[in-house]
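Structural overview
Residues per chain are reported as follows:
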Amino acid sequence: MKLAKTLPILLSLGAALGSASAWALPDDRNQPIRIQADDAQLDDKNGVATYKGDVIITQGSMKVTGNTVTITRTQSGDIDVVTSVGNLAYFEQLQTAGDAKPVQGYGVTIQYHASQDRVVLIDRAKVVDKDNNVTQGEKIVYDTNKKLASAGRATGSKVTESRPRIDMVIQPKKKTEQKAQ
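Every chain's residues receive numbers from 1 upward, in the order its sequence appears when written. In view of the model being predicted, local features appear only for residues whose pLDDT reaches at least 70, and side-chain atom pairs are presented and counted only at 80 or more, with totals across whole chains, interfaces and linings using the full set of residues. To obtain the side-chain values, all non-hydrogen atoms of the structure were included, while hydrogens and water were left out.

Per an unreviewed UniProt entry, the protein is named Lipopolysaccharide export system protein LptA, and its organism is Pseudomonas bijieensis. UniProt positions are given in the numbering used here, feature names are shortened, and annotations may be inferred rather than shown by experiment. Check the Function (unreviewed entry) section of the UniProt entry for the protein; it says "Involved in the assembly of lipopolysaccharide (LPS). Required for the translocation of LPS from the inner membrane to the outer membrane. May form a bridge between the inner membrane and the outer membrane, via interactions with LptC and LptD, thereby facilitating LPS transfer across the periplasm." Quoted verbatim from the Sequence similarities (unreviewed entry) heading of the UniProt record, the comment on the protein is "Belongs to the LptA family."

Have a look at this one:
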């Protein structure tokens, strides 16, 4: 199985959810990948790898957790979809060197659709950036190429907590940041 080639894409999940500036530290992709789980099932013939039981995947400053993480591949071996499910599934990653706090994302389900360059957080979806700006809703979708995010209802998906409205908290800029700009 081309697991060594597929996991860096999973770990760039966080990079897909960042702001318009680069999400990941440049050196993260060159770091070793560590996977911890209670159980691993690798089905190379069907292109599916499933990790269960307090799954923790780390690479550099990136961390992805969930009760179950499933990676599916196309016939050619490329990543198709990475799905992390938990109560709550979680990711974090530093945006730039020297940041004190990583960007964090939560959801009952976090999906990365590699061929569509899209990340979807479903059910109790929440993204908190390094400045403590928060976006919450039933569903948050991020297009990694266009750097476009949308948030709204999770129509067609069962949710454990109904959130008919999006909730955002934007922190005021500090005076030193305003003067620098």
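1. Some remarks on the overall build of the protein
Secondary structure elements are defined from DSSP: runs of H or I of at least 4 residues count as helices, runs of E of at least 2 residues count as strands, and each element is numbered from the N terminus. Secondary structure assignment for the protein yields three helices and 10 strands. Across the protein, helices and strands are ordered from the amino to the carboxyl terminus as α-α-β-β-β-β-β-β-β-β-β-β-α. Counting all 181 residues of the protein, 40% fall into the buried class. Taking the intrachain contacts of the protein between residues at least 6 apart in sequence as the baseline, contacts between residues at least 24 apart amount to 47%. Accessible areas in this description were obtained via Shrake-Rupley with a 1.4 Å probe; residue shielding takes into account the shown protein chains only. For the protein, the computed accessible surface area is about 10,100 Å², with 48% contributed by carbon and sulfur atoms. Buried residues are those whose accessible area, probed at 1.4 Å on protein chains only, stays under 20% of the maximum for their type, while exposed residues exceed 50% and partly exposed ones sit between those limits. Contacts were defined at the residue level, with two residues in contact if any of their heavy atoms lie within 4.5 Å.

2. Overview of the side chain of Thr109
Tracing the backbone through its elements, the reader meets Thr109 in strand β6 (residues 103–113). What Thr109 contacts, discounting residues up to four positions off in sequence, is Thr83, Ser84, Val85, Val120, Leu121 and Ile122.

3. What about the pairing of strand β3 (residues 48–59)?
Should DSSP find at least two bridges between two strands, the strands are taken to pair. Two strands pair when backbone bridges link them, and strand β1 (residues 33–36) and β3 are joined in this way by four bridges, in the antiparallel orientation. Bridge pairing in β3 links Ile33 to Gln59. For β3 and strand β4 (residues 62–73), the ladder comprises 10 bridges, and the chain directions are antiparallel. For Val48, the partnering residue across the bridge sits in β4 and is Thr72. Where β3 hands over to β4, the hairpin turn is made up of two residues, of which Gly60 adopts a positive phi near 60 degrees.

4. Description of the packing of aromatic side chains
Under the pairing criterion, centres of Phe, Tyr and Trp rings, with the six-membered ring standing for Trp, must be within 6.5 Å; the plane angle then separates stacked pairs below 30 degrees from edge-to-face pairs above 60, leaving the rest tilted. Within this structure, the stated rule accounts for one aromatic pair. For the ring pair Tyr90 and Tyr106, a centre distance of 5.0 Å and an interplane angle of 50 degrees mean the geometry is tilted. With a gap of 16 residues between them, Tyr90 in strand β5 (residues 79–93) and Tyr106 in strand β6 connect regions that are remote in the sequence. We classify Tyr90 as buried; its relative accessible area is 12%. If you follow Lys126 out to its NZ or CZ, it ends over the ring of Tyr106, 5.7 Å from the centre. The rule for a charge over a ring is simple: NZ of Lys or CZ of Arg within 6 Å of the ring centre, and within 35 degrees of the ring normal.

5. Some remarks on the pairing of strand β8 (residues 134–143)
Of the pairings in the sheet, the one linking strand β7 (residues 118–128) to β8 comprises nine bridges and is antiparallel in character. Looking at β8, one finds that Ala125 is bridged to Gly137. Here β8 pairs with strand β10 (residues 167–169) via three bridges, running antiparallel. Bridge pairing links Gln136 to Asp167 in β10.

6. Some thoughts on a nonpolar patch on the surface
Here, patches come from residues exposed beyond 30% relative accessible area and free of salt bridges, joined within 9 Å for like charges and within 5 Å for nonpolar side chains (Val, Leu, Ile, Met, Phe, Trp, Tyr). Basic side-chain nitrogens of Lys or Arg form a salt bridge, by our definition, when they fall within 4 Å of a carboxyl oxygen of Asp or Glu. Taken together, the side chains of Ile166, Met168 and Ile170 make up a nonpolar region of the molecular surface, amounting to roughly 310 Å² of accessible area. By the element assignment, Ile166 lies in the loop between β9 (148–152) and β10.

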